[in-house]
Amino acid sequence: MIQWQGGEWVETTVIEANHEVVTGQGVFETLLVSDQVPQFFKLHWERLHNSCERLGVRAPAFSVIWAGFDQLLDGRVCERGRLRITLFGGVPQQLLIMSLVDVEPWPRSASVIISPWTRNANSAITGVKSVSYAENALALKWAKDLGFGETLLFNSVGHLAEAATSNILVVLDGEVVTPPLHSGCLPGITRGLISEFGVREADIDASGLDRATAAALLSSTRGVQPIHAIGERELDVLNARLRQVMDSYRAQVQQDKKNWARPPKESRPV
């Protein structure tokens, strides 16, 4: 782990427990690093800025974040890793830290269960990738304790919002649908990318979810991961419309890798 101190990145193992850390007044981004390339790096940086604006936190410069990633990767081969950027507010000193760890690929498909808790679409931090993550973590732990990989959350008006750590899409009557932002879901990077492939935003109630023939979890590390079961009900992981979205997303990933092919170290931005 590295921390931005005095105009440079330094290795650290300690996070100072200031007021913002203790009260969870911070934001973060998680990126997949694949074959040395930070996937959709600029999109994550833009969302980090939006989250900072919502929390009233001064956002770091792009060059600072890039230099941190460059330092984490220097001399290291990373075929598949999770890059995390975390920023806490503070006066006069903010706390900006970054880490990169190797991760295993996700399973080819996932099972999910409906959460007994609801997503608050009117929360002060709705749409912010906030470090205040206990609600999500507890919902996910509940699902995993029951043998499921994720849990789906409806909002207080009975519409599907998202999973604990992912966005979601479903196939209804041959159409690919994802919950709109007013449902309370996070504006996920993968969610935004697949919207270019004919994915429609629409409110999905419990009866709509029951009619879904296919579905998938969406996140930066999962990509588009098919759901093979919601509770005891099996879904079609080979659904043609779902496969079209998956193929289109993979094409965007490959194009992003080409766009972000790492130049020689001496010519990288700092």
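Note that the structure is a prediction, hence the values are computed from the model and not measured.

A. Structural context of helix H3 (residues 62-73). Under the 1.5 Å per step criterion, the end-to-end length of H3 is 17 Å for 12 residues, consistent within 8% with the ideal 16 Å. Among the 12 residues of H3, 9 are classified as buried, and the element is accordingly described as predominantly covered. Looking only at H3, the buried set comprises Phe62, Val64, Ile65, Trp66, Gly68, Phe69, Asp70, Leu72 and Leu73. Backbone geometry just after H3 places Gly75 at a positive phi near 75°.

B. Broad picture of the sheet that holds strand E5 (residues 80-88). Read from one edge to the other, the open sheet built from 6 strands follows the order E2-E1-E6-E5-E3-E4, with strand pairing classed as antiparallel. The open sheet has two free edges, formed respectively by strand E2 (8-11) and strand E4 (37-38), since each of these has just one partner strand. Taken together, the 9 bridges between strand E3 (residues 26-34) and E5 define a ladder with antiparallel strand orientation. Among the inter-strand pairings, Thr30 is bridged to a residue of E5, identified as Arg84.

C. Layout of the pattern of salt bridges. Throughout the structure, instances matching the rule amount to 10 salt bridges. One salt bridge in this structure joins Lys257 and Asp35, with 3.0 Å as the shortest N-O distance. Of this pair, Lys257 sits in helix H7 (residues 240-259) while Asp35 sits in the loop between E3 and E4, and the two are 222 residues apart along the sequence. Classification of Asp35 by relative accessible area gives partly exposed; the value is 47%. Notably, a salt bridge pairs Glu135 with Arg119, separated by 3.7 Å at the nearest N-O pair. Taken together, the residues Glu135 in helix H4 (residues 134-145) and Arg119 in strand E7 (residues 110-119) connect sequence positions 16 residues apart. We classify Glu135 as partly exposed; its relative accessible area is 46%.

D. The arrangement of the pairing of E2 in detail. Inspection of the sheet shows strand E1 (residues 2-5) paired to E2 by 4 bridges, in the antiparallel sense. Paired with Trp4 across the two strands is Trp9, which belongs to E2. In this structure, the hairpin formed by E1 and E2 is closed by a connection of 2 residues, where Gly6 is found at a positive phi of approximately 55°.

E. A look at the pairing of strand E11 (residues 175-178). Relative to E11, strand E10 (residues 167-172) runs antiparallel, the two being bridged by 3 bridges. Residue Val171 lies in a different strand from E11, and its bridge partner there is Val176. By the bridge criterion, 2 bridges tie E11 to strand E12 (residues 200-201) in an arrangement that is parallel. Counterpart to Thr178 in the pairing with E12 is Glu201. Where the polypeptide runs from E11 across helix H5 (residues 189-194) and back to E12, its parallel neighbour, the crossover connection is right-handed.

Quick notes on the rules
- Residues numbered from 1 in each chain as written.
- Predicted model: local features only at pLDDT ≥ 70, side-chain atom pairs only at ≥ 80, totals over all residues.
- Heavy atoms only, no water.
- Helix = DSSP H or I, 4+ residues; strand = E, 2+ residues; numbered from the N terminus.
- Expected span 1.5 Å × (residues − 1).
- Buried < 20%, exposed > 50% of the residue type's maximum accessible area, 1.4 Å probe, protein only.
- Pairing = 2+ DSSP bridges.
- Salt bridge = Lys/Arg side-chain N within 4 Å of Asp/Glu carboxyl O.
- Right-handed = clockwise from strand over helix to strand, strands pointing away.

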